[in-house]
Structure formats: structure tokens, C-alpha cells
Amino acid sequence: MNTSIWRDGRSKISHKALEAAHSVVSTGSTFGRLLPRVRTLAWYSGASYTGPQILFFISPSLETFAFNCTGPSDLRRIHNLESGVDTLNTLANQTCQLRRILFTWGFGRAAEPLEQAFSKFIRNQTHLQFLSSLIDFTKDIVEALTSSRSTLRVLHCRLAATGDLSFLFVSEILSNGFDSLQELNIVQADANINFASIRPLLACRSLHQVCLRAARIAALHSSEVIAMAKGWPKIEELRLRSSLPGTTELHSFPILSVFAKHMGPTLKILGLDFGFDTTTPLPGVTKPDVFELLSQLRVGEIDRIPGGTEEHIARYLMALCPYGVSIVVGVSDLFGDPPEDVSLLEGWQKVAYLVQNPQYIGDL
């Protein structure tokens, strides 16, 4: 067999290739031999091969496994569920230790057999460095992560909406020996998160990216920001976002000065839900208590800047942030082409324009 096309370990495996493998080799004689240098293996929905067939392409060199199940039909969902369980159980029974796992399940909450197979699979991995999963993590899957506590660097996951799984439980698990963890991105749609449930994560001192999204995240107090800065001395990106606007607890602008003073030397991206209280004066800004590297300020899902305050806020941000900082509301970067009549700008759009074009302060 010509294996030259597999030199980089990234070529896709066609269904015909799988059929050919079936016809020329036996399961017992091919593990680690058919493609001994394959480092990346991707399983895609719509393919009819299953775990025993994928076994032909598992090698001792395998480092990355991508599992992608998406599609609209119930029939495909059933097919993917059966094949997914089969594939995960097959992989769990092998001796290969993966470094990267990417798991996508596009059909809502996974069925219990798939969750159990995924948990078994993860529990058997002891050298895992990167895990990105769109299957809802159950309590058992979270506990299974401890097998890779000394090696895991990146964790992106979504937590199941179950009564026995709280964000505090996840924080406490990760606080125990996950010393290599650098990036943490967690979504829990039904959760209420406050600083008490975040506090255990301060033991993960290597964290430089923390992104949390829940139904409601309580606004931070100054002492809590200071504690975060001490716990995460390398923090570069911090996003704490609520997904239900009606329950959102807003941060006041003065908290930005606390972030600048204690995280200013490292922070590059900050995302919080902000509101402007006209009764609370903005603090003065003095160096060195400023953001040195901040490139993006994400300010919430809804424009909550009252008319007439934009210039005041723009001056504050200009003093606090580096020139050209990008201001984002929701998923929209507000540094784009302004309207032809810039006098029509208002709210965050006006703030963003003035921060980038300070010469217009006083003229709009």
C-alpha cells in the first residue's frame, strides 16, 4: 500500500479506503500497522463505518481524535448515536493515549449510552492536553477528567442541565491538581454563578484564559477582582457573561479601574455586562494603573449607555485603555465604517467612534 499521502498524518479516510482495509487485513493483525504514523483521526457524521472499522486506523502515533456528529434528521441521529457509542467504546478499549480530543454532538442532549461511553473514553486518557466538547458534561464525565489532571491544558465544555451538577462542583474538581490548566471555557445555560462558585478555580494559577457563560453571573466586587488577579497572575482573557438579559447583574464602570490596577499588565480581552449609573462618578485615572495590553473590551449584549454620557465614558476609556481598543456589544465589533452622518451615532457606537477618533470629542 502506498503510504506517502499520509506523511503529515492529516489526510481524510474515505469509505472506499475503509472497505479496502476490511478486504485485505484482519482486525487482529492491523492495530498500529496499517497507518503507523497517523496522528489525527476524524470521525464524521454520515459515514457508515463504525468503531471496529476505525480500529484499523488507530496507531500508537495517534494524538488527535475528532468526533463530529451533526445533522437534521432523526434517522441520522439514531445512526450517529449507535456508531458513536460503538466508536467510543472501541477507542476506550485501546491502549493509545491521546493529546487532543474534539467532540461535536449536534442533536441537543446526548442519550445516556453515548454519555457513558464518552465518560469511559475520557477516564482512560491519562495524557490529555486539549479537550473541546459540545456534548453536555454530566457529573460522571467531569469526574473522569481527573485522569488527565496533571496534563490537561485546555478545556472547552458545556455542562448538562441536571440537578446534581453545579458549577461549584466543577470548580472544586478542577482546583485539585489541575496545575497545567491554561484555558477554561464553560457554558451552563441554567446556572447562577457567583464569586463563591468561581473561587476554587483560583488554585489553577496557570490559567490565562477564563470564559464563563451562564443564565446569570453575579457582578464582581473590588475585593473579588483583586483575589482573581492574585490567583491568576498570567490572566490574558477574562469573560463572564450572562445569557438571560432580564436577570443580568450589571457591572458599574468604576470596576474597570480595579481591573486595570490589578490585571493591567497582562489582560488583553475583558468581557463583562456593563451598565452606566449616572449617580456613580467615574474615578480618575493615573499611571501605572491602566491597561497596558487590552485590545478588546466586550461590554454586554445590550446597549445600556444613556444619551449624553458617551463623551464622558469615551474620555474615561481613552485614559484607561491603549489607543485603538476594540469595543464589542454582543458579537458585533463596533469599529467599522461609521454612518455618513456621524452625528447620528449614540450609545456604545458613539463611544467606540470617539475612542478611535478623539479629535471629534466635543463636536458630536
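The model shown is predicted, which means the values in this text are computed figures rather than measured ones. (Residues numbered from 1 in each chain as written. Predicted model: local features only at pLDDT ≥ 70, side-chain atom pairs only at ≥ 80, totals over all residues. Heavy atoms only, no water.)

The next subject is the pairing of strand 4 (residues 130-137). The buried fraction of strand 4 is high, at six of eight residues. Bridging between strand 3 (residues 100-105) and strand 4 involves four bridges; their strand directions are parallel. Bridging across to strand 4, R100 finds its partner in F130. Sheet analysis places strand 4 next to strand 5 (residues 154-159), joined by five bridges and oriented parallel. The residue of strand 5 that forms the bridge with F130 is V154. (Buried < 20%, exposed > 50% of the residue type's maximum accessible area, 1.4 Å probe, protein only. Helix = DSSP H or I, 4+ residues; strand = E, 2+ residues; numbered from the N terminus. Pairing = 2+ DSSP bridges.)

Bringing the packing of helix 10 (residues 255-263) against helix 11 (residues 310-320) into the picture now. Across the interface, helix 10 lies against helix 11 with an axial gap of 11 Å and an inter-helix angle of 5°. What the angle tells us is that helix 10 and helix 11 run roughly parallel. Across the interface between the two elements, L256, S257 and A260 from helix 10 touch Y316, L317 and L320 from helix 11. When grouped by side-chain class, the residues that make up the contact of helix 10 with helix 11 number five nonpolar, one polar and no charged. (Axes fitted to C-alpha atoms, helices over the stretch in contact; angles between N-to-C directions. Parallel < 35°, antiparallel > 145°, perpendicular 65-115°, else oblique. Contact = heavy atoms within 4.5 Å. Nonpolar A, V, L, I, M, F, W, Y, C, P; charged D, E, K, R; others polar.)

Glancing now at the packing of aromatic side chains. Going through the model one piece at a time under the given rule, you end up with six aromatic pairs. Judged by centre distance (6.0 Å) and plane angle (85°), the ring pair of F65 and F121 falls under edge-to-face. Of this pair, F65 sits in strand 2 (residues 64-69) while F121 sits in helix 5 (residues 112-123), and the two are 56 residues apart along the sequence. Taking NZ or CZ as reference, R100 lies 4.2 Å from the ring centre of F130, over its face. Over the ring of F169 we find K139; its NZ or CZ atom is 4.9 Å from the centre of that ring. (Phe/Tyr/Trp six-rings, centres within 6.5 Å; stacked < 30°, edge-to-face > 60°. Lys NZ or Arg CZ within 6 Å of the ring centre and 35° of its normal.)

Relative to the elements of secondary structure, Q209 occurs in strand 7 (residues 209-217). Residues in contact with Q209, not counting those within four places in the same chain, are H156, Q182, E183, L184, I235 and E237. Only 3.0 Å separates the side chain of Q209 from the side chain of E237, close enough to count as a polar contact. (Polar contact = N/O pair within 3.5 Å; in protein donor to acceptor, adjacent residues only side chain to side chain.)

Burial runs high along helix 12 (residues 347-356): eight of the 10 residues are buried. Looking at helix 12, one finds that the buried residues are G347, W348, K350, V351, A352, Y353, L354 and V355. Where the residues of helix 12 are buried, they touch helix 11 and strand 11 (326-329).

As a further point, take the packing of helix 11 against helix 12. Put simply, helix 11 and helix 12 touch, their axes get as near as 9 Å, and they point 45° apart. Classified by the interaxial angle, the pair formed by helix 11 and helix 12 is oblique. Considering how the two elements wind past one another, helix 11 and helix 12 form a crossing that is right-handed. Across from E310, E311, I313, A314, L317 and M318 in helix 11, the residues of helix 12 making contact are G347, W348, K350, V351, L354 and V355. Classifying every residue of the contact of helix 11 with helix 12 by side-chain character gives eight nonpolar, one polar and three charged. (Left-handed = near helix turned anticlockwise from the far one by under 90°.)

Further remarks concern the confidence of the model for the protein. In the predicted model, the protein carries a mean pLDDT of 81, and the fraction of residues at 70 or more is 76%. When mean pLDDT is compared element by element in the protein, helix 9 (residues 222-231) scores highest at 98, while helix 2 (residues 27-30) scores lowest at 48. In the model, residues 1-11 has pLDDT below 50 throughout and makes 13 contacts with residues more than four positions away in sequence or in other chains. Here residues 24-31 is modelled with pLDDT under 50, and outside its nearest four sequence neighbours on either side it reaches 10 contacts, counting other chains as well. (pLDDT = per-residue confidence, 0-100.)

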